[in-house]
Amino acid sequence: MHRFLSHYYLSDMRRDFIEKILVLMLIFAPMMTWAQHELTETEAGSEQQKEGIQGFIEHHLQDSHYFTLTEDEESGSHIGIPLPVILWDNGVKVFSASEFHHGETVAEVDGEYYALYHNKIYKTDAEGTMNFDEDHHPTNVKPLDFSITKNVVTMLLVSILMFILFRGLAKSYSSGPMPRGMGRFFEPLVVFVRDEIAIPNIGEKHYKKYMSFLLTIFFFIWFLNLLGMTPLGVNVTGNIAVTFGLALLTFLITTFTANKNYWGHIFWMPGVPKLMRIVLAPIEVLGMFIKPFSLMIRLYANMTAGHVVLMSIIGLMFLFKNWIGSTLSFGLAFALSILELLVAALQAYIFTMLSALYFGMAKEEHDDH
Amino acid sequence: MEKLIEQFSFGLFFWQILIFVLLVLVLRKYAWKPILNAVNEREEGIKSALESAEQARKEMENLQADNQQLLKEARAERESMLKEAREIKEKMIADAKGQAQEEADKMIRQAQATIQSEKQAAVSQLKKEVASLSIEIAEKVVKEELSSKDKQLKLVDDMLNDVKLN
């Protein structure tokens, strides 16, 4: 683990740099409060801006039917690609998201009307009437939405990227025992997953059949996390549906490859009194589900939190509107970006590591302990 | 939590599972297996190369030890051969000396015996000579002396006495 950190990030030089930034912040902290005082004078305008930023962050965290590169709220102009919408509503309905005109108009398909409200598609009438309950939640019918959303496009891009990279690495062995080009960088990571994640947690005997899943999930999460750091503004691993899917796969693989010993430990814990076994069984069964659940929440929460904090600080730059506050926000955002780079790798590592650990439990043999 | 469930998009979940499972299957066939095999092969290669190097080193050591042993044995053999040769030489010398001594002794003994027998012969010869000479002398004396009876008798007596003395 330590090796992993030091490889990626915490070289002394960089740590020094972060320390310097933190010291700078401490020095300028009083000025920041002064800057905030000044802010109250133009409160009316900035209040609106704050809400705008908050809305923007919330919007960014969610999936979207547009691959938006940039947009301007005031002029209402968007630069991006509308993605295909696929609905299951008494038959498959496919149309371009451009028909919604960014939520401004109702899309009419085969005599049915659909409206886009907070990135979700609802069935509506020709006027686009939305009904709300007392909590301000829409009560309109939601058709099953299988759209190729921004997150799906990003996952496809990452899949293609991974295929190109690792196919290239695999092919580069045909010209000799050492990889060439990008493989020089990725091969040690593949070996890392094998030697530091798979073998220690699963064991020499069984690790091979889990390698494909572990390697794919490690690079998939890592690349998606890193893409989340780019100005493309994607947030795939910070989406609960995605992390649910990944955690579900870990759960299914654990459950379906488990041996007798694993089930024995859950329903009839060896080595404890009979009464305790009865008490432990439901706890262990609950644990079966809590383990992948924690995987899902950990990745989701870490990535979402990272995006929220980073974007909030970037938003602060625009709120301060003075060179001290904005500069400090920039410095902070920069330092946090570096931290997020670490988190991107770390979360991929943790997800893979824990998955391997659960697989190891499923394959643990009686005389192993 | 409620918000999370509300945010949950089944469509995205569906695509995610589909894409990911396909990605695992495709990468397993086209990337992970060849990569891991190549890495394994290389590691095995390195391992076996190291092992054979170690083997060669051990063999070399054994060979050297063998050589050392051979050298030692050869040296010991040479040593023993030299020793044997020396012993043989000494024995030969001793034997030769003994033989020579014996020969010499024998020769001396023979010489002595010869001398003895020669002496014996000489003495007997001498005795014969003396006897004949004596007889001649006696003849002459007798011829001269035996001119008178007295003289003859006296001579006989004297001569007899002489002979006894001898």
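Sequence order as written defines the numbering, with residues in each chain counted from 1. Lettering for chains starts from A, numbering for ligands starts from 1, and both go in the order in which the items are written. This being a predicted model, a pLDDT of at least 70 is required before a residue's local features are given, and a value of 80 or more before pairs of side-chain atoms are given or counted; all residues contribute to the totals for chains, interfaces and linings.

A word on helix α4 (residues 150-172) of chain A
Thought 1: Helical segments are the DSSP runs of H or I of at least four residues, strand segments are the runs of E of at least two, and each set is numbered from the N terminus. A helix is expected to reach a length of 1.5 Å times the quantity of its residues less one. Helix length check: α4 of chain A (23 residues) gives 33 Å between terminal C-alpha atoms against 33 Å at 1.5 Å per residue, within 8%.
Thought 2: For α4 of chain A, the set of buried residues is Lys-150, Asn-151, Val-152, Thr-154, Met-155, Val-158, Met-162, Phe-166, Leu-169, Ala-170 and Ser-172 of chain A. Three exposure classes are used, all based on how many other C-beta atoms lie within 10 Å of a residue's own C-beta (placed from the backbone): buried at 20 or more, exposed at 12 or fewer, and partly exposed between those limits.

A look at the domain arrangement of chain A
Thought 1: When its domains are assigned, chain A resolves into domain 1 (76-148) and domain 2 (151-368).
Thought 2: Reported domain spans reflect what an automatic or database domain assignment gives. Computed from C-alpha coordinates alone, the two centres of domain 1 of chain A and domain 2 of chain A are separated by 33 Å.

Here's the deal with the sheet that holds strand β7 (residues 120-124) of chain A
Residue and element names in this part refer to chain A.
Thought 1: With antiparallel pairing, 3 strands are arranged side by side in an open sheet as β5-β6-β7. The open sheet has two edge strands with one neighbour each: β5 (107-109) and β7. On average, each strand axis in the sheet is tilted by 35° relative to the strand beside it, whichever way the strands run.
Thought 2: As judged from the 3 bridges shared by β5 and strand β6 (residues 112-117), these two strands associate in the antiparallel manner. In the sheet register, Glu-108 faces β6, and the bridge partner there is Tyr-113. By definition, two strands form a pair when at least two bridges between them are found by DSSP. Orientation is described by lines fitted to C-alpha atoms, with helices fitted over the stretch in contact, and by angles between N-to-C directions that extend from 0 to 180 degrees.

Re the interface of chain B and chain A
Thought 1: We call two residues in contact whenever the C-beta atoms placed from their backbones are within 7 Å. Counting residues at the interface gives 29 residues for chain B, matched by 38 residues for chain A.
Thought 2: Counting only elements with at least two residues in the side of chain B that touches chain A, the list comes to α1 (2-7) and α2 (10-145) of chain B.
Thought 3: Residue contributions to the side of chain B that touches chain A peak at 25 residues, all from α2 of chain B.
Thought 4: In the scheme used here, Gly and all other residues not listed as nonpolar or charged are polar, with Ala, Val, Leu, Ile, Met, Phe, Trp, Tyr, Cys and Pro taken as nonpolar and Asp, Glu, Lys and Arg as charged. A per-class count over the side of chain B that touches chain A returns 22 nonpolar, 5 polar and 2 charged.

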